[in-house]
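Coordinates in review
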Amino acid sequence: MIEIKGIVDIDRLMEWRAEVIRDVFSAEADTNLLETNRRYYIRHIADGTHIAIIADCDGTDCGCGGICLTEELPSPDNPSGRCAYLMNIYVRRAFRKHGIAHRIVTYLIDEAKKRGCDKIYLESTADGKSVYKELGFRDMPDMMKYYDTEYQY
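As a starting point, this report considers the structure included with it. (Residues numbered from 1 in each chain as written. Predicted model: local features only at pLDDT ≥ 70, side-chain atom pairs only at ≥ 80, totals over all residues. Heavy atoms only, no water.)

1. Some thoughts on the overall build of the protein chain
We apply this condition: Numbering of helices and strands runs from the N terminus; a helix is a DSSP stretch of H or I covering at least four residues, while a strand is a stretch of E covering at least two. Radius of gyration here is computed from C-alpha atoms only, and the compact-globule reference equals 2.2 Å multiplied by the residue count raised to the power 0.38. Each residue's exposure class comes from its accessible area (1.4 Å probe, protein chains only) as a fraction of the maximum for that residue type: buried when under 20%, exposed when over 50%, partly exposed otherwise. Any pair of residues with heavy atoms lying within 4.5 Å of one another is described as a contacting pair. Exposure was quantified through the Shrake-Rupley algorithm and a 1.4 Å probe, taking into account, for residues, occlusion by the shown protein chains and nothing else.
Within the protein chain, the regular secondary structure consists of four helices and five strands. Along the protein chain, from the amino end to the carboxyl end, the secondary structure elements read β-α-α-β-β-β-α-β-α. The C-alpha atoms of the protein chain give 16 Å as radius of gyration, which agrees with the globular expectation for 153 residues (15 Å, within 12%). Its C-alpha atoms put the protein chain at 45 × 40 × 30 Å along the principal axes. Here the protein chain holds 153 residues, and the buried ones make up 37% of them. Long-range contacts, defined as pairs at least 24 residues apart, comprise 62% of the intrachain contacts of the protein chain with a sequence gap of at least 6. Within the structure as shown, the protein chain displays about 9,900 Å² of accessible surface, and the carbon and sulfur contribution to it stands at 52%.

Put into structure tokens, the structure is as follows:
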């Protein structure tokens, strides 16, 4: 059985964050990055602009995810101006292909809708695209991202 639980234990979140960075980005998180992440969680969970969850599979933590809640200038495609950015959608390798990512994302979408978000978006790895497309996400061809020439990733 898969159960989704909200989490505010910062140490537990930090363990998950370090695992995501290692597995998804194939990198070790340096002390400065982890401390910046810790400060982010402390500030934004307390003020309600970040929600973090853990998926539990029969008593074992198997995945995680979160949403960052923001507001932008209202527009025709986002009349409320409320946005939810899904982040750190992650399932441990031993638990993949069992619908856990689907459950995590569905839960987070529902949370975003409860908070009045008209725009829900995310960045995706190639492995995650099929789950997101199945849930109604579409590629956004008109988006661009700035990369500082000194920033390599």
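2. Some thoughts on the nonpolar core
The test is simple: Nonpolar core, defined: a set of buried Ala, Val, Leu, Ile, Met, Phe, Trp, Tyr and Cys residues in which side-chain atoms within 4.5 Å join the residues together.
Leu-86 and Ile-104 are the most contacted members of the largest nonpolar core, which has 23 residues in total. Elements with a minimum of two residues in this core: β2 (50-57), β3 (60-71), β4 (82-91) and α3 (100-114). Residue contributions to this core peak at seven residues, all from α3. The next biggest cluster of nonpolar side chains, apart from the first, holds 12 residues, and it includes Leu-13, Ile-45, Ile-54 and Tyr-90.

3. Describing the side chain of Asp-61
Applicable threshold: In protein, a polar contact requires one atom able to donate a hydrogen and another able to accept it; more generally it is a pair of N or O atoms within 3.5 Å, and residues adjacent in sequence count only if both atoms are side-chain atoms.
Residue position: Asp-61 is located in strand β3. For Asp-61, the side chain forms a polar contact with the side chain of Arg-12, separated by 2.8 Å. For Asp-61, the residues in contact, after removing those within four places along its chain, are Arg-12, Trp-16, Ile-54, Ala-55, Asp-56, Arg-92 and Phe-95.

4. Concerning the pairing of β2
Applied cut-off: Think of it this way: DSSP has to see at least two bridges between two strands before they count as a pair.
With eight of eight residues buried, β2 is to be regarded as a mostly interior element. Across the two faces of β2 the burial is the same, with His-50, Ala-52, Ile-54 and Asp-56 and Ile-51, Ile-53, Ala-55 and Cys-57 all buried. Of the strand pairs in this sheet, strand β1 (residues 2-6) and β2 are connected by five bridges, and their pairing is antiparallel. Bridging from a neighbouring strand, Gly-6 pairs with Ile-53 of β2. Counting the residues that bridge the hairpin from β2 to β3 gives two residues, and of these Asp-58 lies at a positive phi of roughly 50 degrees.

5. Brief notes about α3
Selection criterion: Any helix carries an expected span of 1.5 Å times its number of residues minus one.
Here α3 contains 15 residues, and its C-alpha end-to-end distance of 21 Å stays within 8% of the 21 Å for a straight helix at 1.5 Å per residue. Of the positions making up α3, those classed as buried are Ile-100, Ala-101, Ile-104, Val-105, Leu-108, Ile-109, Glu-111 and Ala-112. On its buried face, α3 is in contact with β1, β2, β3, β4, β5 (119-122) and α4 (129-134). Directly after α3, the chain includes Gly-116, whose backbone phi takes a positive value near 80 degrees.

6. Notes on the side chain of Glu-19
Along the chain, Glu-19 turns up in helix α1 (residues 10-25). Residues contacting Glu-19, with those up to four places away along its chain left out, are Tyr-90 and Arg-92.

7. Some remarks on the sheet that holds β5
For sheets, the rule is that strands pair by backbone hydrogen bonds, running either parallel or antiparallel. Note the threshold: Axis definition: a line fit to C-alpha positions, over the contact stretch in the case of helices; interaxial angles, taken between N-to-C directions, run 0 to 180 degrees.
Spatial ordering of the open sheet is given by β1-β2-β3-β4-β5, a layout of five strands whose pairing is mixed. Every other strand in the sheet has two partners, leaving β1 and β5 as the edge strands with one partner each. The sheet shows a mean angle of 25 degrees between the axes of neighbouring strands, taken without regard to direction. Contacts between helix α2 (residues 31-46) and the sheet are confined to β2, β3 and β4, with β2 contributing the most and set at about 100 degrees to the helix. In the packing of α3 onto the sheet, contacts are made with β1, β2, β3, β4 and β5, and the angle to β4 comes to roughly 160 degrees.

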